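This is what each chain is made of:
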Amino acid sequence: MDEFAFRPTHIAPPGGMATWEAPDPARPSARLDELLPVRLVARQGDWARVLCSNGWSAWVDARLLITLPDAPPVVGGPPSRTADPRPALADAAAALDRHRALLERLAAGTLDLESFREQTRGLRIGLVVDGEALWVFDPAHDRWCYCDGLQLQTYAATDRVEPEPASPVPAEPDDYARTRAAEP
């Protein structure tokens, strides 16, 4: 199979997933790696036959696959800017700062565990940096975005239903937040 002709439609979920030789739980096979891109080629109820870029195919639990929202970029196409990653990084940093401040208050005893749970309910933060590569979670659109230094593009999306956020309770600013607020 020409690896450049492979166009994934889904990815395996975080943690990977089990596979089977046939749509039969009695015939297990190797596991798919987490976030491995695959192409859905057949469906039988909750079973899906997927094709990997190396030509290997297997049956999986279709309910666990994560759908790619758009066709991936064409290999060999000219690089172009689709989105600036800095706002996504700023949002992740602000969410992480908020979570850290709540943890500090919990550790200091100025916030009880129930209030901590209430104030962090629905908060989702995801960020992976590996050299020039960046994966950042966009909680507003429930998707992961990837940046190779030139562009930010959707990598994977889910259809997860977000819990209703708790009513905001102002967090007491900590030294770090006060320092950042004072910066020009």
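Residues numbered from 1 in each chain as written. Predicted model: local features only at pLDDT ≥ 70, side-chain atom pairs only at ≥ 80, totals over all residues. Heavy atoms only, no water.

A. Main features of the nonpolar core. Counting residues in each nonpolar core, the largest one holds 10 residues, listed as Ala-12, Met-17, Leu-32, Val-38, Ala-48, Val-50, Cys-52, Val-60, Ala-62 and Leu-65. Broken down by element, this core gets its largest block of residues, 3 residues, from strand 3 (residues 47-52). Not counting residues up to four positions away in its chain, the partners in contact with Met-17 are Ala-12, Arg-31, Leu-32, Val-60, Asp-61, Leu-64 and Leu-65. Counting residues in hydrophobic clusters, the runner-up holds 6 residues, among them Leu-134, Val-136, Cys-145 and Cys-147. (Core = buried A, V, L, I, M, F, W, Y, C linked by side-chain atoms within 4.5 Å. Buried < 20%, exposed > 50% of the residue type's maximum accessible area, 1.4 Å probe, protein only. Helix = DSSP H or I, 4+ residues; strand = E, 2+ residues; numbered from the N terminus. Contact = heavy atoms within 4.5 Å.)

B. Just the pattern of salt bridges, in detail. Across all of its chains, the model carries 4 salt bridges by this definition. For Asp-61, the salt bridge is made with Arg-63, and the minimal N-O distance between the two is 2.8 Å. For Glu-118, the salt bridge is made with Arg-121, and the minimal N-O distance between the two is 3.3 Å. You can call Glu-118 partly exposed: its relative accessible area is 31%. Through salt bridges with shared partners, one network takes in Asp-46, Asp-61 and Arg-63. (Salt bridge = Lys/Arg side-chain N within 4 Å of Asp/Glu carboxyl O.)

C. Quick peek at a nonpolar patch on the surface. A surface patch of nonpolar side chains, about 250 Å² in accessible area, is lined by Leu-89, Leu-127 and Val-129. Assignment of secondary structure puts Leu-127 in strand 6 (residues 127-130). Looking at Leu-127, the relative accessible area reads 43%, which means it is partly exposed. (Patch = residues over 30% accessible without salt bridge, like charges linked within 9 Å, V, L, I, M, F, W, Y side chains within 5 Å. Areas by Shrake-Rupley, 256 points an atom, 1.4 Å probe, with all protein chains shown as cover.)

D. Representation of the environment of Leu-113 within the structure. Relative to the elements of secondary structure, Leu-113 occurs in helix 2 (residues 113-120). Expressed as a C-alpha distance, the spacing of Leu-113 and Leu-103, which sit 10 residues apart in the sequence, is 9.8 Å.

E. Representation of the pairing of strand 4 (residues 57-61) in the model. The element strand 4 is largely enclosed, with a buried count of 4 among its 5 residues. Bridge analysis of strand 3 against strand 4 gives 5 bridges, and the strand direction is antiparallel. Counted as the bridge partner of Leu-51 is Ser-57 from strand 4. The hairpin formed by strand 3 and strand 4 contains 4 residues between the paired strands, and Gly-55 there has a positive phi angle of roughly 95 degrees. (Pairing = 2+ DSSP bridges.)

F. View of the sheet that holds strand 2 (residues 37-44). Read from one edge of the open sheet, 5 strands run 4-3-2-1-5, paired in antiparallel fashion. If you trace the sheet from one side to the other, it starts and ends with strand 4 and strand 5 (66-67), each paired once.

G. Local environment of the confidence of the model for the protein. Considering every residue of the protein, the mean pLDDT works out to 78; 72% of them sit at 70 or more. Of the regions scoring below 50 in pLDDT, residues 165-171 engages in 6 contacts with residues more than four places distant in sequence or in other chains. (pLDDT = per-residue confidence, 0-100.)

H. Fine view of helix 2. Taken together, the buried positions of helix 2 are Phe-116, Gln-119 and Thr-120. Down the axis of helix 2, the smallest arc covering the buried residues is 90 degrees, so these residues share one side. Buried residues belonging to helix 2 abut helix 1 (85-108). Just past helix 2, the residue Gly-122 takes up positive phi, approximately 85 degrees. (Arc of directions from axis to C-beta.)

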